[in-house]
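# Descriptive structure summary
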Amino acid sequence: MDAPSASAIVQLEGVRKSFGAVRALAGVDLDVRAGECLGLVGHNGAGKSTLMQVLAGTLAADEGRLVVAGDDITASAGVAAARAHGVVCVFQELSLCPNLTVAENARVMHRAFRGFGWRKRAGAAMAAMLDDIFPRHGIDPADVVADLSIARRQMVEIARAFLVTDEPLRLVILDEPTSSLDQVVAEQLMAFVRRFVARGGSVILISHLLGEILATSDRVVVMKDGRVVETRPAEAFTRESLVAAMGSVAAQEDAKRAAAAQPAGEIVVEARPARQADERSLRARQGEIVGLAGLAGHGQTDLLVRINAAAQGREPHARVAGAVAFVAGDRQSDGVFPLWSIAENITVRSLGGLRRFGLIDPAAEVRMAEEWRQRIAIRTPDMGNGILSLSGGNQQKALFARALASDAGIVLMDDPMRGVDVGTKQEVYGMIRAEAARGRTFLWYTTEFDELRHCDRVYVFRAGVIVAELAADEITEERVLQSSFAEEAA
Amino acid sequence: MNVLMPSPRLVRAALPALSLAALLVAIWFVQPRAISYFGFNLMLNLAMPIAFATIAQLCVITVNDLDLSIGAFVSFVACVGATWLNATPLLGVAVLLGAVVVYALVGALIHLRNLPSIVVTLGMSFFWLGCSVLLLPSPGGSAPAWLAALVKVRTPLVPFAILVSAALALVVHVGLMRSAWGAILRGAGGNPVAVARAGWSLLRTKVTMFALAGFFGVLSGLSLVGLTTSADANIAIRYTLLSIAGVILGGGEFVGGRVSPVGAVLGAMTLTLAGSLLSFLRISPDWQIGAQGAILIVVLALRALVNRLERRR
C-alpha cells in the first residue's frame, strides 16, 4: 500500500549510514506525500534523528538515494540543496544563536532578509508567524534569544522554520518539537500542523508522546535498529499496537533469564529524583545490578550524579553506604584524561592506595595497570601509551578498569556502552556479573534494552521521575516501553 | 543595545558609559583645568590608535577567538609607516595590504585546522615583532608629513580624536550590530553549528573578521605613527592587553559573540583617560598598569553583580 506514489514529495531509498562500528541506518526506504503529516516513532538509537539529518542535508548518507520534489539530490545533498527544494528541519537541540534577537535569528535562516529595512521585515514576519501558530505567545521580535525561556526559544525556532521567504516550503521536519512546551502550547502547534498539512504542506513529526503522534499524523512509521519496520495509517494503530511494533523484533528473544535468587543484602543506596512527587525511591542492595531505564535524558544521569555527590557528602537527599565510582558515558567530555597514558587513566581513582611516603609509588601503579590489562584484556602493546591510542571500546574498558580497580563498593554507570562494539560489550557484561557476585553493587543507566536483561531490578524513568519498578521476571521490552512513553493527559 | 530591555540589561549596556563618566568626574575633581578642549586634546591624543586596536580585537573576539598579536602587529604597521610608507609609498601601501591578507590567512588557518587562536596569534606576535626589528633595528624613522598633519588636525569645538572615535563606533555599530551581514557574523560567534546548518560558510565569517581586524590594526598603527612621528619595534606591545581590556570593559564577552562596538570604544577611552588620572594623582608610571588592572577588576565586578541580579529576578 505504500508504493511511492506520484505525489511523493520526498523519497528515500536504501539509505545507509554508519558512525564507525555503529550502524545508525541500515537501509531505510521512506516516502512522504504532499499534504500529509507523517509520524515517526522508535526507541532511542532507532535512527530517527540520523535519518532526519540526512534528509535535512546536515549529514551525508553512505549509500542510498534521496529524491525531493522529483529531483534526485543524492549527489548534491547538503543544507543548501535541501533548502532549495523546500526541506526544513527543526532540530532537537536548539539551534538558535542566543546572542542574537528573534528577528536576527530569522535572518540567519532566511537569506531574503537583507538590504535596507531587513530588521523590520524579519521582525514583522516572525511576529505574524508566531501569532499564527502560538496566539498570546508574548515574544517581541526584538528580544534577545538568551533572555527567553526555553519554551519560548522552541516556539521561535518552530515559527522560524515555517516562515516562507524566497525559497519554497514543502516539508518541515519537527524533531521532538513539544519536548519543552506545555500542554496548551503543544496543542496550538499540533493544530497549526494540521492547518499547514491541509494547505498542501508536509510534516514529519517525531515525538515520544504517542498520543500526539496518533492524533496528529496521517500515517505512522515505526523505526527500529536503523530500519523502518512498520508503516500504517494512523487509524490502524492504537497506543498498544504502536508500542508493540517498536519492541516486536527483540521480544522473541525475551527468553527467561536464569534469575539468580539474589541474597537480600543490605540496602546500600537510597535516592529520590529531585522532582519525584510520590513516595517511590531508588533502592539498591549490596551485590545487586539495578538498571535505570527509559528514554535518553529523562533524569537518569541526574540521579546518578546526585548519588555520586551524596557519596562525597554533598547531597542530603540521597543515602549511600560505601565508596562510589562513576563510569562516564560521554568518554570524551567526562571520561578519559586525553593527555594521560592508559595506566594513569586506570589508576587515577585509586591513587590514595598507591602511596608510599605520601607520594605515588610508580612500581605499585605499574603493577595495578598490568593486573588490569590482564584481567580485562586491554589490547595495547604498552600501558604507557596515550589513552587515545586505544579504540573507543578499549578506552571504555580502561574506564571500567578504573572503577573496578578502585575500593568502591558501588559502581555508577552512565550509559557507558554507547558506541562500543559487540565483542567488548559481552566481555564487560561478564565482568559486571562476576563483580556483582562478589558483592559489588551496580547502578546501570542504559538506553539499550538488551543491557537491562543483565539487571536484577529496573527502574523506568520518565520526565525526571521514576514511573515504574520492574523485578527481574517482569523486565520485558514491552513493559519498559509502555512505561517510557507517556499516556498523554487527554 | 535596545533601550526597551529590562533594567539589568540596560544597566549592563550603560556600564561602559557610566565608568567613563565616573572617570571624567574624578579627573575634574583632581584637575578641573583638564576638562577643556585643550585638556581633552592632550589626554585623548592616544585614544585614537587604542580605539582602532580595540575594535580590531573586538572583530576577533566576536568569532570566539583572541588575538594576542595585535600589539606586535600595530608596532609593525607603525614601523612600516615610519620607513617604507615615507620613502617608497607604493611599497609601503603594498606591504600594508599584504599584512591584512596575512591576517585573513591566519583566520583561515585557525578555522581549517581547528587550532586554538591563542597559540596561533601568540606565534604571529613573534613574527610581526621579528619583521619590525628587521625593518627598524633601532627606534627612529619618520612618518609621512601628510599622515602627521592628518592626525593632528584641530577641529572646532570637539577634539579630532573624539570625532574619530565617535565615527568609528558608529560605523562599526551599523556594520556589525545593525546590518544583515553583521547578524551572521555575530551569529557565528553565538552558535556556529546553527549558522553552518543554515548554510553559511564559517570559513568566510572567520576570514572576514580576521581581515577586518587586520584592517583596523593598520589604521591603529598609522594613527599611532602619525602622532609620534617616529616608531620602534616595541612601540605598541602593550596594546594587546589594552585592546582585550577595552573590549571586555565595553561590555563584550570572550565567548558567545556578545560584543558592543560603542562600548568597546568607550572602554578604550576609559583606559586612556585612566592613565591621565593616575598621572594627575602623581602615581608613577610603574604602577599605572597595575592601577589600570584594578579599574578593570572593579568594572568587571560591577558587571558580575548586575548579572547576578538579573539571574535572581
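Since this is a predicted model, take the numbers as computed values, not measurements.

## Notes on the overall build of chain A
Scanning chain A for helices and strands turns up 16 helices and 21 strands. Whereas a compact globule of 490 residues would reach a radius of gyration of roughly 23 Å, chain A reaches 25 Å, a difference of no more than 12%. Counting only C-alpha atoms and orienting by the principal axes, one finds that chain A spans roughly 75 × 50 × 45 Å. Here chain A holds 490 residues, and 53% of them are scored as buried. When contacts within chain A are restricted to residue pairs at least 6 apart in sequence, those whose partners lie at least 24 apart make up 68%. Of the side-chain charges in chain A, 55 are positive and 63 negative, and the distance between the mean point of each set is 3 Å.

## Things to note about the pairing of strand E9 (residues 219-224) of chain A
All names here are of chain A. The buried count for E9 comes to six of six residues, which makes it a mostly enclosed element. Where strand E3 (residues 37-41) lies against E9, four bridges are found, and the strand directions are parallel. The residue bridging Gly-39 from the neighbouring strand is Val-220, located in E9. As judged from the six bridges shared by E9 and strand E10 (residues 227-233), these two strands associate in the antiparallel manner. Note that in E10 the partner of Val-220 across the bridge is Arg-232. Here E9 folds back onto E10 in antiparallel fashion, the turn holding two residues, of which Asp-225 has a positive phi close to 50°.

## What about empty space enclosed by the protein?
In this approach the atoms are scanned with a rolling probe the size of a water molecule, which exposes any empty space left behind. One pass over the structure, following the stated rule, counts four cavities of 30 Å³ or more. Approximately 200 Å³ is the volume attributed to the largest cavity. Lining the largest cavity are 18 residues, with A:Cys89, A:Phe91, A:Met109, B:Arg197 and B:Ala198 positioned closest to its centre. Secondary-structure elements contributing two or more residues to the lining of the largest cavity are helix H2 (79-84), strand E6 (87-90), helix H3 (102-109) and helix H5 (150-162) of chain A together with helix H11 (192-197) of chain B. Sorting elements by how many residues they give to the lining of the largest cavity places E6(A) first, with four residues. In this structure, the second largest cavity spans a volume of roughly 60 Å³. Lining the second largest cavity are A:Arg83, A:Val88, A:His110, A:Ala161, A:Leu163, A:Val164, A:Thr165, A:Glu167, A:Pro168 and A:Leu169. Split by residue class, the lining of the second largest cavity holds six nonpolar, two polar and two charged.

## Considering the sheet that holds strand E11 (residues 267-271) of chain A
Residue and element names in this part refer to chain A. Spatially, three strands are ordered E12-E11-E14 in an open sheet, and the strand pairing comes out antiparallel. Each end of this open sheet is capped by a strand with a single partner; those strands are strand E12 (282-285) and strand E14 (318-320). Between one strand axis and the next, the sheet turns by 15° as a mean value, whatever way the strands run. Note that E11 and E14 share three bridges and pair antiparallel. Across the sheet, residue Glu-270 finds its bridge partner in E14, namely Arg-319.

## Brief notes about the packing of helix H4 (residues 70-82) of chain B against helix H12 (residues 202-228) of chain B
Residue and element names in this part refer to chain B. Contact pair H4 / H12: the axes reach a minimum separation of 8 Å and the direction vectors enclose 55°. Judged by the inter-axis angle, H4 sits oblique to H12. The handedness of the crossing between H4 and H12 comes out as right-handed. Touching Ile-70, Phe-73, Val-74, Val-77, Ala-78, Gly-81 and Ala-82 of H4 are Ala-213, Gly-214, Gly-217, Val-218, Ser-220, Gly-221, Leu-222, Leu-224 and Val-225, all from H12. For the contact of H4 with H12, the per-class residue count stands at eleven nonpolar, five polar and no charged.

## A short note on helix H6 (residues 89-112) of chain B
Structural remark: α-helix, 3.6 residues per turn; residues separated by three or four positions point the same way. Residue and element names in this part refer to chain B. With 24 residues, H6 extends 35 Å between its outermost C-alpha atoms, agreeing within 8% with the 34 Å of an ideal straight helix rising 1.5 Å per residue. Elements in contact with the buried residues of H6: H4, helix H5 (84-87), helix H7 (117-135) and H12. Remark: Asn-114 follows H6 within two positions and exhibits a positive phi of approximately 55°.

## Quick look at the interface of chain B and chain A
Contacts between chain B and chain A engage 23 residues on the former and 27 residues on the latter. Summed over both partners, the interface of chain B with chain A buries about 2,000 Å², with 52% contributed by carbon and sulfur atoms. Considering only the side of chain B, the residues that lose the most area to chain A are B:Ala180, B:Arg197 and B:Trp200, jointly responsible for 30% of the buried surface there. Across the chain B-chain A interface, the total number found is one salt bridge. Where A:Glu104 meets B:Arg186, a salt bridge forms, and the shortest distance between an N and an O atom there is 2.8 Å. Those elements that place two or more of their residues in the side of chain B that touches chain A are helix H9 (160-178), helix H10 (180-190) and H11 of chain B.

## Quick notes on the environment of A:Gly322
Residues and elements named next belong to chain A. Examined against the element boundaries, Gly-322 turns out to sit in the loop between E14 and strand E15 (324-327). The class for Gly-322 is partly exposed, based on a relative accessible area of 47%. Remark: the alpha-carbon pair of Gly-322 and Ala-311, spanning eleven residues in sequence, is separated by 7.3 Å. Setting aside anything within four residues of it in sequence, one finds Gly-322 in contact with Ala-311 and Ile-410.

## As for helix H6 (residues 183-198) of chain A
An ideal rise of 1.5 Å per residue puts 22 Å on 16 residues; H6(A) measures up with 23 Å between its terminal C-alpha atoms. Looking one or two places after H6(A), you find A:Gly200, whose phi comes out positive at around 105°.

## Quick look at the nonpolar core
The biggest cluster of nonpolar side chains holds 84 residues, and the ones touching the most others in it are B:Phe73, B:Trp128, B:Leu168, B:Phe216 and B:Tyr239. No other element matches helix H3 (residues 47-62) of chain B, which puts twelve residues into this core. Apart from residues lying up to four places away in sequence, B:Trp128 is in contact with B:Ser69, B:Ala72, B:Phe73, B:Phe76, B:Ala99, B:Val102 and B:Tyr103. Within the second largest apolar cluster, 55 residues are counted, among which are A:Ala103, A:Ala122, A:Ile139 and A:Ala245.

## Focus: the confidence of the model for chain A
Residue and element names in this part refer to chain A. Of all residues in chain A, 92% attain a pLDDT of 70 or more, and the chain-wide mean is 84. Per-element confidence in chain A ranges from a low mean pLDDT of 68 for helix H8 (residues 239-251) to a high of 94 for helix H4 (residues 118-133). Note that residues 1-5 has pLDDT below 50 and, in this model, twelve contacts with residues that lie over four places away or in other chains. Considering only residues more than four positions removed or in separate chains, one finds that residues 248-261, a stretch of pLDDT under 50, has 16 contacts.

The rules we used
Residues numbered from 1 in each chain as written. Chains lettered and ligands numbered in written order. Predicted model: local features only at pLDDT ≥ 70, side-chain atom pairs only at ≥ 80, totals over all residues. Heavy atoms only, no water. Helix = DSSP H or I, 4+ residues; strand = E, 2+ residues; numbered from the N terminus. Rg over C-alpha atoms; globule rule 2.2 N^0.38 Å. Buried < 20%, exposed > 50% of the residue type's maximum accessible area, 1.4 Å probe, protein only. Contact = heavy atoms within 4.5 Å. Lys, Arg positive; Asp, Glu negative; His and termini not counted. Charge placed at Lys NZ, Arg CZ, Asp CG, Glu CD. Pairing = 2+ DSSP bridges. 1 Å grid on protein atoms, 1.4 Å probe; cavity = no way out; pocket = protein on both sides within 12 Å on 5 of 7 lines; lining within 4 Å. Points joined across faces, edges and corners; volume = space filled by probe spheres on them. Nonpolar A, V, L, I, M, F, W, Y, C, P; charged D, E, K, R; others polar. Axes fitted to C-alpha atoms, helices over the stretch in contact; angles between N-to-C directions. Parallel < 35°, antiparallel > 145°, perpendicular 65-115°, else oblique. Left-handed = near helix turned anticlockwise from the far one by under 90°. Expected span 1.5 Å × (residues − 1). Buried area = accessible area lost by both parts, 1.4 Å probe. Salt bridge = Lys/Arg side-chain N within 4 Å of Asp/Glu carboxyl O. Core = buried A, V, L, I, M, F, W, Y, C linked by side-chain atoms within 4.5 Å. pLDDT = per-residue confidence, 0-100.

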